[in-house]
Amino acid sequence: MVANINPTVRRRRLGAELRRLRKDSGLTSSQAAERLMVSQPKISHIENGRRAIKPRDVRDLCALYGVTDQQVVDSLLEMARESAEQDWWNAHGEHPQSLYIGLETDAASIHTYEPMAIPGLLQTPAYALAVIEETIPPVTAEQAAGRLKVRLRRQHRIYDPASPLRLWVILDESALHRVVGSPEIMREQLEHLDALAAEPHITVQVLPYAAGAHPGLAGQFSILRFTDGPQAGVVYLKRFTSDLYLERESDLQRFGMMYDRLQAEALSPDDTRDLIGRAVKSHIDAASGPRAQAAGLRGPS
């Protein structure tokens, strides 16, 4: 997979260029919306790459911003046509994280805090499928298979030799002990996590139970940073009914400070790998114990 060529990226870059042209014209987003008789959120969504941009919208915006160079207009129109194409993950059915995947594909670095489970980019196929199968509302076997293919293809991003994603993960200790699927699946998952943690572009830290109350108690969040595009970064908050994307510099600073606190309170990467090793052993014991054998090797949860 080529990491930086997809319709979502095209939308973001087209939006960034339209934002620059608007600012050069001296108009605010509210003034542009008023003159085109559209809503201000529509202008914001276009500039942030949240929606495909119709060629007609591009022409109207270029006319409003006083763009007279036809080569510039034609280039923007071509970007608009490319941005309307399907993202690769849509070939595997509807995906609830479509916007996030596009941002993840274009990110230079991601700092994520996960209190409940191993993040998708670091999941084994068996662990990922066990998580997907517990989705609410329930998914069919076909839908689960499609989402698993998407999740595994997303992982190409961390193996890309040309520009591997810089990934920093902080896990709550409970994610190491919660049995997802079976003790055997957990053993395989944690061994995989330990191997990835040894990669130079991936850092894994565990926030131990002993840390007590901490800023991450509010829930999962990720900070995505980009080398170019309409914004320096995005804070992503995964929620049950709808995801949130925060782009103001004040939000980036606030969540950046939270992440700094979590890094300081978490175990060091070396101590984290020691803890992962002990967790692996506990899952091996659970899988081989008499109670687990009587329960079909599922073990206690």
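Notes on the structure in this doc start here. Just so it is clear, the model here is predicted, and its values are computed rather than measured. (Residues numbered from 1 in each chain as written. Predicted model: local features only at pLDDT ≥ 70, side-chain atom pairs only at ≥ 80, totals over all residues. Heavy atoms only, no water.)

1. Here we look at the nonpolar core
Moving on, step 1. Leu-122, Leu-171, Leu-176, Leu-190 and Leu-193 are the most contacted members of the largest nonpolar core, which totals 36 residues.
Moving on, step 2. Counting residues per element, the ones that place at least two in this core are helix 6 (98-106), helix 7 (125-132), strand 2 (166-172), helix 10 (174-177), helix 11 (183-197), strand 3 (202-207), strand 5 (233-237) and helix 13 (269-288).
Moving on, step 3. No other element matches helix 11, which puts 6 residues into this core.
Moving on, step 4. Excluding anything up to four places from it in sequence, Leu-193 contacts Ile-118, Leu-122, Leu-171, Leu-176, Val-204 and Ile-276.
Moving on, step 5. If you look at the next biggest cluster of nonpolar residues, it comprises 19 residues, including Ile-46, Val-67, Met-79 and Ala-80. (Core = buried A, V, L, I, M, F, W, Y, C linked by side-chain atoms within 4.5 Å. Buried < 20%, exposed > 50% of the residue type's maximum accessible area, 1.4 Å probe, protein only. Helix = DSSP H or I, 4+ residues; strand = E, 2+ residues; numbered from the N terminus. Contact = heavy atoms within 4.5 Å.)

2. Thoughts on the pairing of strand 3
Moving on, step 1. For strand 3, a buried count of 6 out of 6 residues is recorded, marking the element as mostly surrounded by other parts of the structure.
Moving on, step 2. By the alternation rule, side chains of strand 3 split into Ile-202, Val-204 and Val-206 and Thr-203, Gln-205 and Leu-207, which are all buried.
Moving on, step 3. Relative to strand 3, strand 2 runs parallel, the two sharing 6 bridges. Its bridge partner lying in strand 3, Asp-172 is registered against Leu-207. (Pairing = 2+ DSSP bridges.)

3. As for the packing of aromatic side chains
The geometry of an aromatic ring pair comes down to the distance between the two centres and the angle between the two planes.
Moving on, step 1. Within the structure shown, the criterion is met by 5 aromatic pairs.
Moving on, step 2. Seen from their ring centres, Tyr-113 and Phe-221 are 6.2 Å apart, and the 45 degrees between their planes marks the pair as tilted. With Tyr-113 in strand 1 (residues 109-114) and Phe-221 in strand 4 (residues 221-225), this residue pair connects regions lying 108 residues apart in the sequence. Each member of the pair, Tyr-113 as well as Phe-221, carries the same accessibility label: buried.
Moving on, step 3. An angle of 40 degrees between the planes, with centres 5.3 Å apart, marks the rings of Tyr-236 and Tyr-245 as tilted.
Moving on, step 4. On the basis of relative accessibility, which here comes to 16%, the residue Tyr-245 falls in the buried class.
Moving on, step 5. Members of the aromatic cluster, connected to one another through ring pairs, are Tyr-113, Phe-221, Phe-255 and Tyr-259. (Phe/Tyr/Trp six-rings, centres within 6.5 Å; stacked < 30°, edge-to-face > 60°.)

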